[in-house]
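# Tertiary structure, described
Chain by chain, the residues run as shown.
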Amino acid sequence: MIKKLIVANWKSNPDSVGRAIALAKKIDKSAERFKKTEVIIAPPAPFIMSVGSVIKYAKLGAQNVFWGNLGPYTGEVSWRQLQYAKVSYAIAGHSERRRLLGETDGMINKKVLACLKNGLGVILCVGEPKQVRRRGMAAVRIFISNQLTKDLKGIRSLVISYKLLVVAYEPIWAIGSGKPDRPEDTVEIVNFIKEILASRFQILNSRILYGGSVNPQNARSFLSKQEINGALVGGASLKPAEFEKIIKAASA
Ligand code: PGA
């Protein structure tokens, strides 16, 4: 059985290293309590190393990654530096970065390739906007298929462990809205993503997560589904008691 994976995406929170450490320690305790679930904490860049130094059971994640190695890339943090900081997985293509920072599929593809070529895990985020979902699930499939084709271009030639690639299905309208997807619809898209990974990229067994307003009340409805291999959690990952319930729901 592949372990379920719960990722804490803190986004631009909290405001101090002290608060980041306190939060990380609590989440690490939950990871110790529920060892059947794999837990990743993705803090903002300035807190990555401090958080890494206080966690034992949870793994370290990054919210972004740059494809270059070392060099003239002002403001960017490279895969090489993340490896130095003992980061296991970097998130790539989060919809907030696509929307607010103009991140394109071409850029995301470079990030994915740089991570995978260098043995750094990557959590690729895909998901459709509301106007696409309104047109129905066939339109969603086309949208997701296009994103995967562009974001994963060239990975077929790499020999990688399935563990290194994680895909998070995050319908944009469900993120931070308090209105999660319907678990049946999520399962349909998760299965579709698995089919594409297998047929187009020859990748089997990679974990596919759901993200978008996951909370302790709805976590079971997603995590009890065998097809859904975990969750990418924003808001609720800043509340340790709530986050522990989500980890627990993944361990059941
Ligand atoms: P949310 O965020 O849980 O606050 O909806 C999820 C995400 O953006 O990854």
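Everything in this summary refers to the structure shown in the same document. All values derive from a computational prediction rather than experimental measurement.

Rules behind the numbers
In every chain, residue numbers begin from 1 and rise along the written sequence. Totals for whole chains, interfaces and linings use all residues, but because this is a predicted model, local features are given only for residues with pLDDT of at least 70 and pairs of side-chain atoms are given and counted only at 80 or more. To get the side-chain values, all heavy atoms of the structure are used, and hydrogens and water are removed first. We call a residue near a molecule or strand whenever a single non-hydrogen atom of that residue lies within 4 Å of it. For the purposes of these results, a polar contact is taken to be a pair of N or O atoms within 3.5 Å, where, inside protein, one atom must be able to donate a hydrogen and its partner to accept one; residues adjacent in sequence count only when each atom of the pair is a side-chain atom. Note on areas: these come from Shrake-Rupley sampling with a 1.4 Å probe, and a residue is covered only by the protein chains present in the view. We call Asp, Glu, Lys and Arg charged. Ala, Val, Leu, Ile, Met, Phe, Trp, Tyr, Cys and Pro are nonpolar, and the rest, Gly among them, are polar. Salt bridges are defined by distance alone: a side-chain nitrogen of Lys or Arg within 4 Å of a carboxyl oxygen of Asp or Glu. Here a helix means four or more residues in a row that DSSP labels H or I, a strand means two or more in a row labelled E, and each is numbered from the N terminus. Partly exposed describes any residue whose relative accessible area lies between the buried limit of under 20% and the exposed limit of over 50%, with all areas from a 1.4 Å probe on protein chains only and scaled to the type maximum. Every helix has an expected span of 1.5 Å times one less than the residues it contains. Stacked, tilted and edge-to-face are the three classes applied to pairs of Phe, Tyr and Trp rings, where Trp contributes its six-membered ring and a pair requires centres within 6.5 Å; stacked means planes under 30 degrees apart, edge-to-face means over 60, and tilted covers the rest. A ring has a charge above it when a Lys NZ or an Arg CZ is no more than 6 Å from the ring centre and no more than 35 degrees off the ring normal.

What follows covers the site of the ligand. In the vicinity of the ligand, the contacting residues are Asn-9, Lys-11, His-94, Glu-170, Ile-175, Gly-176, Gly-212, Ser-213, Leu-232, Val-233, Gly-234 and Gly-235. Residue Glu-170 places a side-chain N or O atom 2.7 Å away from an oxygen atom belonging to the ligand. Ser-213 is positioned with one of its backbone polar atoms (N or O) 2.7 Å from an oxygen atom of the ligand. For the ligand, whose free accessible area comes to 290 Å², the fraction covered by protein is 95%. Grouping the amino acids of the shell around the ligand by side-chain chemistry returns 3 nonpolar, 7 polar and 2 charged.

With that out of the way, let us pick up the pattern of salt bridges. All chains considered together, the criterion is met by 15 salt bridges. Across the salt bridge formed by Glu-244 and Arg-33, the nearest N and O atoms sit 2.4 Å from each other. With a gap of 211 residues between them, Glu-244 in helix H10 (residues 240-251) and Arg-33 in helix H1 (residues 17-33) connect regions that are remote in the sequence. Close ionic contact of Glu-38 with Arg-207 constitutes a salt bridge, the shortest N to O distance being 2.9 Å. Taken together, the residues span a long stretch of sequence, with Glu-38 in strand S2 (residues 37-42) and Arg-207 in strand S7 (residues 207-211) at a distance of 169 residues. Of the two residues, Glu-38 and Arg-207, neither departs from the other in class, the shared state being buried. Connected through salt bridges with shared partners, the residues Glu-128, Arg-133, Asp-181, Arg-182, Glu-184 and Asp-185 form a single ionic network.

Right, let's talk about helix H7 (residues 137-151) for a bit. Spanning 15 residues, H7 covers 21 Å between terminal C-alpha atoms, matching the ideal 21 Å at 1.5 Å per step. For H7, the complete set of buried residues consists of Met-137, Ala-139, Val-140, Ile-144, Ser-145, Gln-147, Leu-148 and Asp-151.

The side chains of a regular strand alternate between both faces of the sheet. Among the 5 residues in strand S6 (residues 165-169), 5 count as buried, and that is most of the element. Residues Leu-165, Val-167 and Tyr-169 point to one face of S6 and Val-166 and Ala-168 to the other, with burial holding for every one of them.

Let us look at the environment of Ser-12. Topologically, Ser-12 is positioned in the loop between strand S1 (4-9) and H1. Its relative accessible area of 70% is what places Ser-12 among the exposed residues. Ser-12 sits 32 residues away from Pro-44 along the chain, and the two C-alpha atoms are 6.0 Å apart.

Time to look at the packing of aromatic side chains. What the rule picks out here adds up to 3 aromatic pairs. A ring pair is formed by Phe-66 and Trp-67, whose centres lie 4.5 Å apart and whose planes are at 35°; its orientation type is tilted. With a centroid separation of 4.7 Å and an interplanar angle of 50°, the aromatic rings of Phe-66 and Tyr-73 are classed as tilted. Phe-66 sits in the buried class, given a relative accessible area of 8%. Relative accessible area serves as the criterion here: at 33%, Tyr-73 is assigned to the partly exposed category. One aromatic cluster is present, formed by Phe-66, Trp-67 and Tyr-73 through successive ring pairs. Against the face of Trp-173 rests Lys-130, its NZ or CZ located 4.4 Å from the ring centre.

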